[in-house]
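Each chain is listed here by its residues.
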Amino acid sequence: LKYALTAALLFELEALKRIAIVDERLILKDKTPTENRFQTKLLEDITDINKDRKLNWWLSKLSSLNSEIRDGIFDNLLDSGALHHQTDPSGKIHSRRYRLWNDSSYRRIKNSLDRLLLEQRETDMKTRTLAALIWACRATDAIYPDKKLRGDIKYRIGVIGEENDYSRHVRKSVNTAR
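On a predicted model such as this, the values are computed, not experimentally measured, just so you know.

Chemist: Any chance you could break down the packing of aromatic side chains for me, citing the residues and the numbers?
Modeler: Tallied over the entire structure, the rule returns one aromatic pair. Between Trp57 and Trp58, the aromatic rings sit 5.1 Å apart at their centres with planes inclined by 85 degrees, giving edge-to-face as the arrangement. On the accessibility criterion, Trp57 (26% relative accessible area) is partly exposed. The ring of Trp57 is capped by Arg53, whose NZ or CZ atom sits 4.8 Å from the centre of that ring.

Here you go:
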């Protein structure tokens, strides 16, 4: 998950033209803070490290540095009601286990993924990137538990994942971490 969150933030920074990926290398173009504190923290880390490295290296390095970003994103999702702490039958709250709440935001995201993966319709770039990150983190089974659909979805999500620079590097990082 930490690789996917870092990749998603890097994707947003590239969309804002703060970074670029050239020949698989991350290039800092503009270190001006953004309105998003997590993006700004990542820009600060990139500026502080100041090395010419491949995206795979940056994903690994930034993911290991930024537990505060991960925790902050989870706190925001908890505060918004999109996530809830998972509890066991005794009522004890697990500090690191969360479950998605079936709110409208989640359903909207899931519907976009379904259009892309089940109906094979084109969707926006964010949905394609999310699908690619799901592939990179090997989370397809968790999102689509139906065994009848799994083969087709894994194939489609794999094709999308292979087309996405970030997801390929996230997958390499995940494989290295395993």
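Having seen the structure, we can now continue with the description.
Chemist: Before we move on, can you summarise unusual backbone geometry with the specific residues and values?
Modeler: Phi is positive for Glu24, close to 65 degrees, though the residue is something other than glycine. Among the structural elements, Glu24 can be located in the loop between strand S1 (19-22) and strand S2 (25-28). Phi is positive for Gln120, which is not a glycine, with a value near 55 degrees. Note on placement: Gln120 falls in the loop between helix H5 (104-117) and helix H6 (125-136).

Reading the values: the criteria
Residues numbered from 1 in each chain as written. Predicted model: local features only at pLDDT ≥ 70, side-chain atom pairs only at ≥ 80, totals over all residues. Heavy atoms only, no water. Phe/Tyr/Trp six-rings, centres within 6.5 Å; stacked < 30°, edge-to-face > 60°. Buried < 20%, exposed > 50% of the residue type's maximum accessible area, 1.4 Å probe, protein only. Lys NZ or Arg CZ within 6 Å of the ring centre and 35° of its normal. Helix = DSSP H or I, 4+ residues; strand = E, 2+ residues; numbered from the N terminus.

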